[in-house]
Amino acid sequence: MFLKTGGMILEIRDKLLYLWRVINLLIRFAMEALTFSPLEALKKGWALTKKHFFVSVGLLGLYLVLAVFCVVLAGTKPAAFRFWISATVLLLITLFFFIGFDKFLLAVARGEKPDLYASFGAIRKIGPSILLLPSVIVATGFVALVLAMLSTVLRGLVPPIYPDILLRWFLISLAIAVVPAYYVVVRLSYALYAVTDKNLGADDALAESWILTHGFTGKLILMWIMLIGINILGLLALGIGLVVSLAVTFHTFTVSYEILQEFEIVEDEILVDKIS
């Protein structure tokens, strides 16, 4: 009887300790969630840009030169063979450049000494499944285009004598086409980071990005709007400022990825405690 009572006491103690750990982790998670600020991520991104200004701007400037060259080489005729060759080359350059560039961004965000050779050498470890990432973005854009065309057809059924109704249909078509696509792109925007940081395949990286952004979509959309505004200002600054604004954008994105990683660690700790 004493053994049975002692066992029950130990079981109750273990459950109370587990509950205490979970409560502490949840409080920590809630406090960290409250401290996730797009503005704070932007400030840290700007600080990293200033600290690694010449390397960040130089790499992005090189990429933009290659991108412009491919665009000029493609021409303006989509039916031409060189158009698709140039588009394919640009896609591959973009994909593999940002794999190496993201490695560099992650290193500086973590306070490590950046090694460009090691960063861009990581491209060799990436499998062909990485090509799934741009295809998902293209598919999202295609779905948005189909929805836009459908809403435009529906709008055309409205008599033109009602301009207020036309305006409403325009806003509805914009919401139908843009908002879902924008939402999906935001949720999947960290997939390439997951590939370069954790050596995941494309499908696992997309799932990882979807999990990371869960519960933070509103703040991430706000961060995107801020960064789009900064890049518009950079574009207006004779285009030269665009390279700087892009550097700030990518450093800010990397900082936000690191913050979201911290939230995922807390969730994993809660899961491990529950299993144990």
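Residues numbered from 1 in each chain as written. Predicted model: local features only at pLDDT ≥ 70, side-chain atom pairs only at ≥ 80, totals over all residues. Heavy atoms only, no water.

Enquirer: Would you explain the overall build of the chain in this entry?
Expert: Along its length, the chain carries 11 helices and 0 strands. Each helix and strand of the chain, ordered N terminal to C terminal, gives the series α-α-α-α-α-α-α-α-α-α-α. Buried positions account for 35% of the 276 residues belonging to the chain. Put simply, 75% of the contacts in the chain that link residues at least 6 apart link residues at least 24 apart. Approximately 16,700 Å² of the chain is accessible, and the part contributed by carbon and sulfur atoms is 76%. (Helix = DSSP H or I, 4+ residues; strand = E, 2+ residues; numbered from the N terminus. Buried < 20%, exposed > 50% of the residue type's maximum accessible area, 1.4 Å probe, protein only. Contact = heavy atoms within 4.5 Å. Areas by Shrake-Rupley, 256 points an atom, 1.4 Å probe, with all protein chains shown as cover.)

Enquirer: Please clarify how the packing of helix H4 (residues 81-109) against helix H8 (residues 191-198) should be interpreted in this entry.
Expert: Two numbers describe a pair of packed helices, the interaxial angle and the distance between the axes. It is at 9 Å that the axes of H4 and H8 come closest, and there the two elements cross at 70 degrees. For the element pair H4 / H8, the angle class is roughly perpendicular. The handedness of the crossing between H4 and H8 is right-handed. Every residue of H8 that contacts H4 at Leu 95, Phe 98, Ile 99, Asp 102, Lys 103, Leu 105 and Leu 106 is listed here: Leu 192, Tyr 193, Thr 196 and Asp 197. For the contact of H4 with H8, a count of residues per class yields 7 nonpolar, 1 polar and 3 charged. (Axes fitted to C-alpha atoms, helices over the stretch in contact; angles between N-to-C directions. Parallel < 35°, antiparallel > 145°, perpendicular 65-115°, else oblique. Left-handed = near helix turned anticlockwise from the far one by under 90°. Nonpolar A, V, L, I, M, F, W, Y, C, P; charged D, E, K, R; others polar.)

Enquirer: Would you mind going over the pattern of salt bridges with me for this structure?
Expert: Oppositely charged side chains may form a pair once their charged atoms are brought near each other. One pass over the structure, following the stated rule, counts 3 salt bridges. Between Glu 258 and Arg 110 there is a salt bridge; the shortest N-O distance is 2.9 Å. Taken together, the positions of Glu 258 in helix H11 (residues 240-275) and Arg 110 in the loop between H4 and helix H5 (116-121) put the pair 148 residues apart, joining distant regions of the chain. You can call Arg 110 partly exposed: its relative accessible area is 36%. Within this structure, Arg 110, Asp 197 and Glu 258 form a network of salt bridges that share partners. (Salt bridge = Lys/Arg side-chain N within 4 Å of Asp/Glu carboxyl O.)

Enquirer: Is there a simple way to think about the nonpolar core in this case?
Expert: As a rule of thumb, nonpolar side chains are buried together in soluble globular proteins. Judged by nonpolar contacts, the single largest core of 39 residues is most densely connected at Leu 60, Phe 98, Phe 101, Tyr 190 and Leu 220. Going through the elements one at a time, helix H2 (38-51), helix H3 (53-74), H4, H8, helix H10 (217-236) and H11 are the ones with two or more residues in this core. No other element matches H11, which puts 11 residues into this core. When sequence neighbours within four positions are dropped, the list of residues in contact with Phe 101 reads Ser 56, Leu 59, Leu 60, Phe 120 and Phe 250. (Core = buried A, V, L, I, M, F, W, Y, C linked by side-chain atoms within 4.5 Å.)

None of this, on its own, says anything about what the molecule does.
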